[in-house]
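Examination of the molecular architecture
The lines below spell out each chain.
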Amino acid sequence: MSAQAELPRRSKYCGEFREEHVGQECCVMGWVHSYRDHGGIIFIDLRDRTGLVQIVADPSNDPDAHAKAERVRSEWVVAAVGRVRPRSEETINPKLDTGQVEIITDRIEILTEAETPPFPVDAAEEMDESLRLKWRFIDLRRPQMLERLRKRHEVVLSARNYLSEQGFWEIETPMLINSSPEGARDFLVPSRMAPGHFYALPQSPQLLKQTLMASGVDRYFQMARCLRDEDLRADRQPEHTQIDIEMSFATQEQVLETVEGLIRHIYQEAKGIELPEPFPRMTYAEAMLTYGSDKPDLRFGLEIQEVTDVVAKSDFRVFTETIDKGGRVRAINVKGGAKFSRSQLDNLQPKARELGGKGAAYIIYEPDGTWRSPLLKYFPEEVLEELRETLGGEPGDLFVFGADDAKALAPFLGRLRLHLAELAGLPGETDAVKPLWVVDFPVFEQDEETGNWQPMHHAFTMPRPDCLDTMEDDPGAVIGQLYDLVVNGAELGSGSIRIHDPAIQQRVFKIVGIDEEEADRKFSYLLRAFRYGAPPHGGIALGIDRLIMQLVGAKSIREVIAFPKTATGADLLMDAPGPVDEAQLEELHIRVVE
RNA sequence: GGGGCUGUAGCUCAGUUGGUUCAGAGUACCUGACUGUCGAUCAGGGGGUCGCGGGUUCAAGUCCCGUCAGCCCCGCCA
């Protein structure tokens, strides 16, 4: 486009053209997705965030537009002015939403030329992820990526609208706050004006939202950025976004109802799926025992079953010795698992160690009713029969066993369960959405090394009323008003009813070894606020990134974040983190020690 | 902090027990031809520090050690 020429006005997005627009004058703008130059006639597929439309440059129609079209290359940004016309029967392209029509152009303006992209926007194969991250602006042009950004926008908008209708106010809290010594490692920000002092970036707005309750806000929410300087995972970034919610004068039951309403609303709007009402609930204890996890994936069975008493009657010493030492033996019945290949079965043992177990034994109940197992010689027929009964075995099933002390066995079998599900192809490509509340978490957990009690969630979790009297006698038995939202094996949110009574708060602090001075230093303003009249309150924080992952079926959190970081916390697009000028450091009273 | 996987043209990959068919394919890119394609087609062309460093060897893309980067997991993430 010459510098003088005026930019024409865009009349429609590329992906919007349909038969009904035939005959209309139009102007489209976008990126050259591809071009096909036949020497005479030239076709250009023009792309914007809505899709593709075919532009036709015909030299007999307009030689000047054709000459411009001849220069055009992939990813150049162009405007095309012309007229919508129907395609002839044999040139209709059913693969395009706009395939019934095309735009015959009489004016092409080249708005920007572009270098050849490092990888094609319509790549058939997946590119190396580090390449995608380095060239994220190209990667995001891909329709799938733009679609994820759009979906995320719509979910957040939908959540805002829903919560607003329910009487929640969206309130922002500061990003520059105090370091809180508990929980995750803080990101620190040096203060220029206060030498040697630091802000911390919030791990969550937890204390602030509770303070807002003391202020009478009553119902609060925020799309809150949360920053934690911890190692990354496929579903964890150093910064992520939560729908942070807090409610005054609400019981656990009311919080759960409200959050369920929100989640149902989101799934309805985003996927057209009706989720059950109410969501199923499971206690933490049951989840750990039956699924070996506090976030069970309920899309398949493979429940963990207790077989200690049965296998105690066998001669298999790995089992009997474990039992003699007070350990447990539990099993998973893999329905139809008898058809697992030899190598899959041989792999169970090394895989089990990889998953943190001592090992994994198996017994196959063949389709013809006979038994097959390396351990067969240790199991009398009647023990096998009792096993079959206990596990609900049918011909063709595979029993997989784990043996260890109870504490180590549960999480190991939980991981083994997921591995077996994968081997059996169980979660597969199903569209099933299985939401679940895990409730009745313990308030305290014991540090393995020091033996000290520490809060499982955070120090403000309200114990269940029936546990209050005996709290000090057996902290491990104290159940909290604590709940996690789990969908398809992913923890989407975690919350609790908070302590608003300073006396109870003191007792909890005492159990986790926080004295008055320390409590005051760490949580000063919140405790002060609570002395001046705090309502009972509780809330939850829902991970938006993980929620979007579920909604779009992404395997990695990076797929639902525009500019994510790598597993080592690097941003490959902007090359962060990076060094800074010496002068900057000096101003901040910072010296780098090698 | 620990364990595992990956790294060869711009991109996606092949490359056997180390050896003269070991530096390749497809695609992209450049040039030319072509007026109905839509993965256009046809002809021609350019393009490589085999992640990096060291070692073994007559000889290393291939074997060994180290290192860097990306991914997955454990620890960690109230």
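These numbers were taken from a predicted model, which means no experiment stands behind them. (Residues numbered from 1 in each chain as written. Chains lettered and ligands numbered in written order. Predicted model: local features only at pLDDT ≥ 70, side-chain atom pairs only at ≥ 80, totals over all residues. Heavy atoms only, no water.)

1. A word on the protein's contact with RNA strand B
Let me state the cut-off plainly: Whether a residue is near a molecule or strand depends on its heavy atoms: if one lies within 4 Å, it is near. Here a polar contact is taken to be a pair of N or O atoms separated by no more than 3.5 Å, where protein atoms must pair a possible hydrogen donor with a possible acceptor and residues adjacent in sequence count only if both atoms sit in side chains. Only DSSP runs of H or I reaching four residues or more are called helices, and only runs of E reaching two or more are called strands; each is numbered from the N terminus.
Taken together, 50 residues surround RNA strand B, and among them Arg 85, Thr 91, Glu 102, Met 456 and His 457 come closest. In RNA strand B, atoms within 4 Å of the protein come 52% from sugar and phosphate. One of the side-chain N or O atoms of Asp 231 is found 2.5 Å from a base nitrogen in RNA strand B. Counting only elements with at least two residues in the surface near RNA strand B, the list comes to strand S1 (25-37), strand S2 (42-48) and helix H2 (129-134).

2. Comments concerning the packing of helix H13 (residues 502-511) against helix H14 (residues 516-531)
Heads up, the condition is: Axes here mean lines fitted to C-alpha atoms, for a helix over just the part in contact, with angles spanning 0 to 180 degrees between N-to-C directions. When an angle is under 35 degrees it counts as roughly parallel; over 145 it counts as roughly antiparallel; between 65 and 115 it counts as roughly perpendicular; any other value is oblique. It is the rotation of the near helix from the far one that decides the hand of a crossing: anticlockwise by less than a right angle makes it left-handed, clockwise makes it right-handed. Every residue pair with non-hydrogen atoms within 4.5 Å of one another is taken to be in contact. Side-chain classes follow a simple rule in which Ala, Val, Leu, Ile, Met, Phe, Trp, Tyr, Cys and Pro form the nonpolar group, Asp, Glu, Lys and Arg form the charged group, and the remainder, Gly included, forms the polar group.
Closest axis-to-axis distance for the H13/H14 pair is 12 Å, and the angle between their directions is 165 degrees. As judged from the angle between their axes, H13 and H14 are roughly antiparallel. Here H13 runs over H14; the crossing is right-handed. Contacts between H13 and H14 pair Pro 502, Gln 505 and Phe 509 from the former with Ala 519, Phe 523, Leu 527 and Phe 530 from the latter. Class assignment of the residues belonging to the contact of H13 with H14 gives a composition of six nonpolar, one polar and no charged.

3. Details of unusual backbone geometry
Under the convention used in this document: Partly exposed describes any residue whose relative accessible area lies between the buried limit of under 20% and the exposed limit of over 50%, with all areas from a 1.4 Å probe on protein chains only and scaled to the type maximum.
For the peptide bond that leads from Glu 277 to Pro 278, omega is -5 degrees, which places it in the cis range. Structurally, the position occupied by Pro 278 is in the loop between helix H6 (252-271) and strand S11 (281-283). In the segment running from Ala 576 into Pro 577, the intervening peptide bond is cis, with an omega of 0 degrees. Position of Pro 577 relative to the elements: it lies in the loop between helix H15 (544-552) and helix H16 (582-587). In this model, Phe 249 sits at a positive phi of 55 degrees, which is unusual for a non-glycine residue. Assignment of secondary structure puts Phe 249 in the loop between strand S10 (239-248) and H6. Not every positive phi belongs to a glycine, and Asn 488 is a case in point at roughly 50 degrees. Along the polypeptide, Asn 488 turns up in the loop between strand S20 (482-487) and strand S21 (490-497). Overall, the relative accessible area of 10% leaves Asn 488 in the buried class.

4. Quick notes on the layout of surface pockets
Operational definition: Cavity: a set of points on a 1 Å grid over the protein atoms alone where a 1.4 Å probe fits but cannot get out. Pocket: an open set with protein on both sides within 12 Å along at least five of seven lines, its lining residues, like those of a cavity, having an atom within 4 Å of a point. Grid points are joined across faces, edges and corners, and a volume is the space filled by probe spheres set on the points.
Each pocket or cavity is described by its volume, and for the second largest pocket that value is around 630 Å³. Along the wall of the second largest pocket there are 20 residues; nearest its centre are Phe 187, Leu 188, Leu 201, Asp 229 and Pro 577. Considering each element in turn, the lining of the second largest pocket owes the most residues, three residues, to strand S7 (residues 188-190). Of the residues that constitute the lining of the second largest pocket, the class distribution is twelve nonpolar, two polar and six charged.

5. Considerations on the domain arrangement of chain A
Cut-off, in case you're wondering: Domain start and end points were adopted from an automatic or database domain assignment.
For chain A, the assigned domains are domain 1 (2-112), domain 2 (151-231 + 238-278 + 435-560) and domain 3 (300-423). Taking the mean C-alpha position of each, domain 1 and domain 2 sit 51 Å from one another.

6. Focus on the nonpolar core
To be explicit about the condition: In this text, buried Ala, Val, Leu, Ile, Met, Phe, Trp, Tyr and Cys residues form a nonpolar core when linked through side-chain atoms within 4.5 Å.
Residues Ile 245, Trp 437 and Leu 542 are the most contacted members of the largest nonpolar core, which totals 67 residues. Not counting residues within four places of it along the chain, the set of residues in contact with Leu 542 comprises Thr 241, Gln 242, Ile 243, Ile 245, Val 259, Leu 262, Ile 263, Leu 485, Leu 492 and Gly 493.

7. Focus: the environment of Arg 152
Summarising the element assignment, Arg 152 is placed in helix H4 (residues 143-165). A sequence separation of 393 residues divides Arg 152 from Asp 545, and the C-alpha atoms of the two residues are 8.5 Å apart. Among residues more than four places away in sequence, those in contact with Arg 152 are Thr 241, Ile 544, Asp 545, Ile 548, Val 560 and Ile 561.

8. So, helix H10 (residues 342-354)
Short version of the rule: Every helix has an expected span of 1.5 Å times one less than the residues it contains. What the bend at a residue measures is the angle between two axes, fitted to the seven residues ending there and to the seven starting there.
Taking 1.5 Å per residue as the helical rise, H10 with its 13 residues ought to reach 18 Å, and the 19 Å between its terminal C-alpha atoms agrees with that figure. The sharpest bend along H10 reaches about 40 degrees and sits at Leu 348, with the proline Pro 350 one to four residues further on. Taken residue by residue, H10 has Leu 345, Leu 348 and Ala 352 as its buried positions. Gly 356 sits one or two residues past H10 and shows a positive phi near 90 degrees.

9. Some details on the pairing of strand S22 (residues 537-543)
Cut-off, in case you're wondering: By this definition, two strands are paired if DSSP reports at least two bridges between them.
Here S22 lies mainly inside the structure; seven of its seven residues are buried. On S22, burial covers both faces: His 537, Gly 539, Ala 541 and Gly 543 on one face and Gly 538, Ile 540 and Leu 542 on the other are all buried. Taken together, the five bridges between S21 and S22 define a ladder with antiparallel strand orientation. Directly across from Ile 497, in S22, lies its bridge partner Gly 538.

10. Notes on the side chain of Arg 47
Relative to the helices and strands, Arg 47 resides in strand S2. For Arg 47, a relative accessible area of 4% translates into the label buried. A distance of 2.9 Å separates a polar atom in the side chain of Arg 47 from a polar atom in the side chain of Glu 75.

11. As for the sheet that holds strand S14 (residues 361-365)
Neighbouring strands of a sheet are bound in pairs by backbone hydrogen bonds; such pairs are parallel or else antiparallel. What the five strands build is an open sheet, ordered S12-S13-S16-S14-S15; its pairing is antiparallel. The open sheet terminates on both sides in strands that have one partner only, identified here as strand S12 (304-306) and strand S15 (371-372). Pairing of S14 with S15, which is carried by two bridges, proceeds in the antiparallel orientation. Looking at S15, one finds that Ile 364 is bridged to Arg 372.

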